[in-house]
Amino acid sequence: MTIKARNRFYMGFFILTLIIFIFDFVVFHFQIFRGMMTVPEVSLRPDGPSGFLFTYKPLFSFAAIFFEFFYLCVTSFTILYAFYKTQAGELAYFLLFLISILLDATRIFIPLLKLAGTYTTALIAINDIVLTGTILSPISLLALVLFSEDEYRQNLEQNCMIIIVACAFIAFSVPINTAILLPNFASAYAFNKILRFFIILTIIISVASMSMNNFKKELSQLTTVGFFLMGVGALILKHSFTFIQLVTGAVFISAGTVLYFKELHNQYLWNS
């Protein structure tokens, strides 16, 4: 992938995300002002913690999704500006990471379009898209660590396409239980414990691999710290429905992204 093509992808992604963000923001507030907003009934644990910090509030679920859109717009535009002339293989796989967050954010259409409890094809399709983003997120981070070296750049576009297709195939194969709506406005799905274990394990492997690579190359481990915070923050945001989850996820992903790309930019400046 050439620098020019990569920049076009990032610009197109920024424009697309901004349009969806504005549309959802306008529709959300229009429904509130017109009294048309109805919060769907969600499934909560009866023994869940209480208190303002740990209690489910629909506002926090919406806020987490809108923060995802805000993060995508700011991050994609900033990377486009900061790495405009830099040939960095990491940026292609990081775009997959951003795409995974965008796919996850589509769950906002379930309450906005009042799809909860309808058992329609649209509800199933949106949940399949959300699950694709959930699986794609850790896989893209792992690929960023393993396949961003110079020897893998020749097949970069092919690798990205294979990753997307594989994640979509897995997600669309997993049964969705549309009768149960989770507090983050996504429906429950089968094999959730297995998928969660897989996601956590993938993030751990990614962080460990980056740490070892930086140690061998005698590079700063600050990129590893930022990478870890970014991955964990994205995971928390995807499941946020309380104030503490919202704040923790937003702080982790923001601080991690800034730290990671600041150190990555310094590394490329040093090697240039």
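The rules behind the values
- Residues numbered from 1 in each chain as written.
- Predicted model: local features only at pLDDT ≥ 70, side-chain atom pairs only at ≥ 80, totals over all residues.
- Heavy atoms only, no water.
- Core = buried A, V, L, I, M, F, W, Y, C linked by side-chain atoms within 4.5 Å.
- Buried < 20%, exposed > 50% of the residue type's maximum accessible area, 1.4 Å probe, protein only.
- Helix = DSSP H or I, 4+ residues; strand = E, 2+ residues; numbered from the N terminus.
- Contact = heavy atoms within 4.5 Å.
- Expected span 1.5 Å × (residues − 1).
- Axes fitted to C-alpha atoms, helices over the stretch in contact; angles between N-to-C directions.
- Parallel < 35°, antiparallel > 145°, perpendicular 65-115°, else oblique.
- Left-handed = near helix turned anticlockwise from the far one by under 90°.
- Nonpolar A, V, L, I, M, F, W, Y, C, P; charged D, E, K, R; others polar.
- Disulfide = S-S within 2.5 Å.

**Observations concerning the nonpolar core**
Point 1. Tyr71, Phe94, Phe97, Phe227 and Met230 are the most contacted members of the largest nonpolar core, which totals 75 residues.
Point 2. In terms of residue count, the dominant contributor to this core is helix H2 (residues 58-82) (12 residues).
Point 3. The contact partners of phenylalanine 94, leaving out residues within four places of it in the chain, are Tyr10, Tyr71, Thr75, Ile79, Leu144, Met230, Thr257 and Phe261.

**A look at helix H1 (residues 3-33)**
Point 1. Taking 1.5 Å of rise per residue, 31 residues should cover 45 Å, and H1 covers 45 Å from first to last C-alpha, within 8% of that figure.
Point 2. Taken together, the buried positions of H1 are Arg6, Asn7, Tyr10, Phe13, Phe14, Thr17, Phe21, Asp24, Phe28 and Gln31.
Point 3. For H1, the secondary structure elements touched by its buried residues are H2, helix H3 (90-105) and helix H4 (109-112).
Point 4. A positive phi of about 70 degrees marks glycine 35, the residue just after H1.

**A short note on the packing of H3 against helix H6 (residues 156-173)**
Point 1. Packing of H3 against H6 brings their axes to within 10 Å, and their N-to-C directions diverge by 20 degrees. Here H3 is positioned roughly parallel relative to H6, judged by the angle of their axes. The interaxial crossing formed by H3 with H6 has right-handed handedness. Between H3, through Ala92, Tyr93 and Leu96, and H6, the contact on the second element is made entirely by Leu156, Asn159, Cys160, Ile163 and Ile164.
Point 2. Here the contact of H3 with H6 is built from residues that sort into seven nonpolar, one polar and no charged.

**Here's the deal with the state of the cysteines**
Point 1. Scanning all chains against the criterion turns up zero disulfides.
Point 2. You can see cysteine 160 has no disulfide; the closest cysteine sulfur is in cysteine 167, sitting 11 Å from it.

**Thoughts on the environment of isoleucine 199**
Point 1. Position of isoleucine 199 among the secondary structure elements: in helix H7 (residues 192-217).
Point 2. Beyond its immediate sequence surroundings of up to four residues, isoleucine 199 is in contact with Thr134, Pro138 and Leu235.

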